[in-house]
Amino acid sequence: MGIFHSLLRSEWTKLRRSGIWLLAPVSPLLCILLGFGAVAEGEPGLDWQLILSYMFFLHAVLFLPLLAGVYAAFVCRYEHDNGGWKQLLALPVSRESVYVVKFLSVAALLAVTQLLFVAGVLAVGFGGGLPGAVPWRMIVQVGVGGFLASLPLAALQLAVSVGWASFAAPLAINVILTIPNVLIVQSSKYGPYYPWAQPFLASMPDWKFPLIVGAGFVVFFLSGFVYFRRLEI
């Protein structure tokens, strides 16, 4: 456990110096601007649930999938530069621990992003004086569900980023696969199985969230885990 904690501290130090954590509030801030813009326009019938729907659509369909890819690429960027993987694995650490720590770092950044998004929804709701009771259950489902549903995508993106030394290539692929989200999330046939659409679909109360997302996470995480163990560095 001591070595594992040391890896966590080392990873946090690298992330803090890289400034990647500065991206965490970007999506929440843009969604806040969207929310207050809708409030300023005085749209009829605007309430908590409607403003949450506006903000979450932009956040979960576009920004959250993109950030999952950016975070995954960043946690591997240092090791891809100047033989960083060899230096890290020359230490008395296991590849398994290194991979788990990398994934936990991506998950932590996504969790912070979700917490800031929820805070943004509350800021718009209370600051804009929206009528009605606060839909706490819906807000929690959007926050927690969106986070959990982003984990399979994070695992997939981490596997790609570990194996691909290029920083730009995984990001470019992620952008290309995120763009069709606006259409795919509307498909009941394909949407639930598309990792880039799952963070948004997690807000749907009738969606079979645990089965589909859980299976996807296990497949992507274990695939990347096994691949990293066998990767020649």
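Reading the values: the criteria
Residues numbered from 1 in each chain as written. Predicted model: local features only at pLDDT ≥ 70, side-chain atom pairs only at ≥ 80, totals over all residues. Heavy atoms only, no water. Helix = DSSP H or I, 4+ residues; strand = E, 2+ residues; numbered from the N terminus. Rg over C-alpha atoms; globule rule 2.2 N^0.38 Å. Buried < 20%, exposed > 50% of the residue type's maximum accessible area, 1.4 Å probe, protein only. Contact = heavy atoms within 4.5 Å. Areas by Shrake-Rupley, 256 points an atom, 1.4 Å probe, with all protein chains shown as cover. Patch = residues over 30% accessible without salt bridge, like charges linked within 9 Å, V, L, I, M, F, W, Y side chains within 5 Å. Salt bridge = Lys/Arg side-chain N within 4 Å of Asp/Glu carboxyl O. Phe/Tyr/Trp six-rings, centres within 6.5 Å; stacked < 30°, edge-to-face > 60°. Lys NZ or Arg CZ within 6 Å of the ring centre and 35° of its normal. 1 Å grid on protein atoms, 1.4 Å probe; cavity = no way out; pocket = protein on both sides within 12 Å on 5 of 7 lines; lining within 4 Å. Points joined across faces, edges and corners; volume = space filled by probe spheres on them. Nonpolar A, V, L, I, M, F, W, Y, C, P; charged D, E, K, R; others polar. pLDDT = per-residue confidence, 0-100. Axes fitted to C-alpha atoms, helices over the stretch in contact; angles between N-to-C directions. Parallel < 35°, antiparallel > 145°, perpendicular 65-115°, else oblique. Left-handed = near helix turned anticlockwise from the far one by under 90°.

(A) Structural context of the overall build of the protein chain. Helix and strand content of the protein chain: 10 helices and 0 strands. Along the protein chain, helices and strands appear, N-terminal first, in the series α-α-α-α-α-α-α-α-α-α. What you see for the protein chain is a C-alpha radius of gyration of 19 Å, in line with the 17 Å of a compact globule of 233 residues. Overall, the protein chain is about 60 × 40 × 30 Å in size when its C-alpha atoms are taken along their principal axes. Counting only residues that meet the buried cut, the protein chain has 47% of its 233 residues in that class. Sequence-distant contacts, at least 24 apart, represent 78% of the contacts inside the protein chain between residues at least 6 apart. For the protein chain, the accessible area works out to roughly 11600 Å², and carbon and sulfur atoms hold 70% of it.

(B) Geometry of helix α7 (residues 168-178). Residues Ala169, Pro170, Leu171, Asn174 and Thr178 constitute the buried set of α7. On its buried side, α7 packs onto α3 (48-80), α6 (136-163) and α8 (181-184).

(C) Fine view of a nonpolar patch on the surface. A cluster of nonpolar side chains, namely Val26, Leu30 and Leu33, defines an oily patch on the protein surface of about 250 Å² accessible area. As for its placement among the helices and strands, Leu33 is situated in helix α2 (residues 26-41). Note on Leu33: relative accessible area 59%, which makes it exposed.

(D) Layout of the packing of aromatic side chains. Throughout the structure, instances matching the rule amount to 13 aromatic pairs. Aromatic pair Trp48 and Phe126: ring centres 5.1 Å apart, planes at 75 degrees, arrangement edge-to-face. Taken together, the residues span a long stretch of sequence, with Trp48 in helix α3 and Phe126 in helix α5 (residues 95-127) at a distance of 78 residues. Accessibility expressed as a relative area gives 53% for Phe126, which makes it exposed. Here the aromatic residues Trp85, Tyr99, Phe103, Phe217, Phe221, Phe225 and Phe228 are joined through ring pairs into a cluster of three or more. The cationic tip of Arg77 hangs over the ring face of Phe74; the distance from NZ or CZ to the ring centre is 5.6 Å. For Arg95, the ring lying beneath its charged end belongs to Phe228, and the centroid distance is 5.8 Å.

(E) Highlighting empty space enclosed by the protein. Taken as a whole, this structure holds 1 cavity of 30 Å³ or more when the rule is applied. Considering only enclosed or pocket space, the largest cavity measures out at about 50 Å³ in volume. Leu7, Ser10, Glu11, Lys14, Leu88, Val98, Val101 and Lys102 together form the lining of the largest cavity. Broken down by secondary-structure element, the contributors of at least two residues to the lining of the largest cavity are α1 (2-18) and α5. A per-element tally of the lining of the largest cavity places α1 first, with 4 residues. Here the residues of the lining of the largest cavity are counted per class, giving 4 nonpolar, 1 polar and 3 charged.

(F) Structural view of the pattern of salt bridges. What the rule picks out here adds up to 5 salt bridges. With a closest N to O distance of 3.5 Å, Lys14 and Glu11 form a salt bridge. With Lys14 and Glu11 both in helix α1 and 3 residues apart, the pair spans about one turn of that helix. Of the two residues examined, Lys14 and Glu11, each falls in the buried class. Here Lys102 and Glu11 are joined by a salt bridge, their closest N and O atoms 3.1 Å apart.

(G) Molecular detail of the side chain of Ser105. With respect to the helices and strands, the residue Ser105 is situated in helix α5. For Ser105, a relative accessible area of 7% translates into the label buried. When residues no more than four places from it in sequence are discounted, the contact partners of Ser105 are Glu11, Leu15 and Val75.

(H) Representation of the confidence of the model for the protein chain within the structure. Residues at a pLDDT of 70 or more form 97% of the protein chain, whose mean pLDDT is 89. The spread of mean pLDDT over the elements of the protein chain runs between helix α4 (residues 84-89), the lowest at 81, and α5, the highest at 95.

(I) Just the packing of α3 against α7, in detail. Interaxial distance between α3 and α7 falls to 9 Å at its minimum, and their mutual angle equals 165 degrees. Comparing the axis directions of α3 and α7 gives the class roughly antiparallel. Where α3 crosses over α7, the handedness of that crossing is right-handed. Across the interface between the two elements, Val61, Leu62, Pro65, Leu66, Gly69, Val70 and Ala73 of α3 pack against Leu171, Asn174, Val175 and Thr178 of α7.

(J) Layout of the environment of Gly35. Note that Gly35 resides in helix α2. Sequence spacing of Gly35 and Phe200 is 165 residues, and the spatial spacing of their C-alpha atoms is 17 Å.

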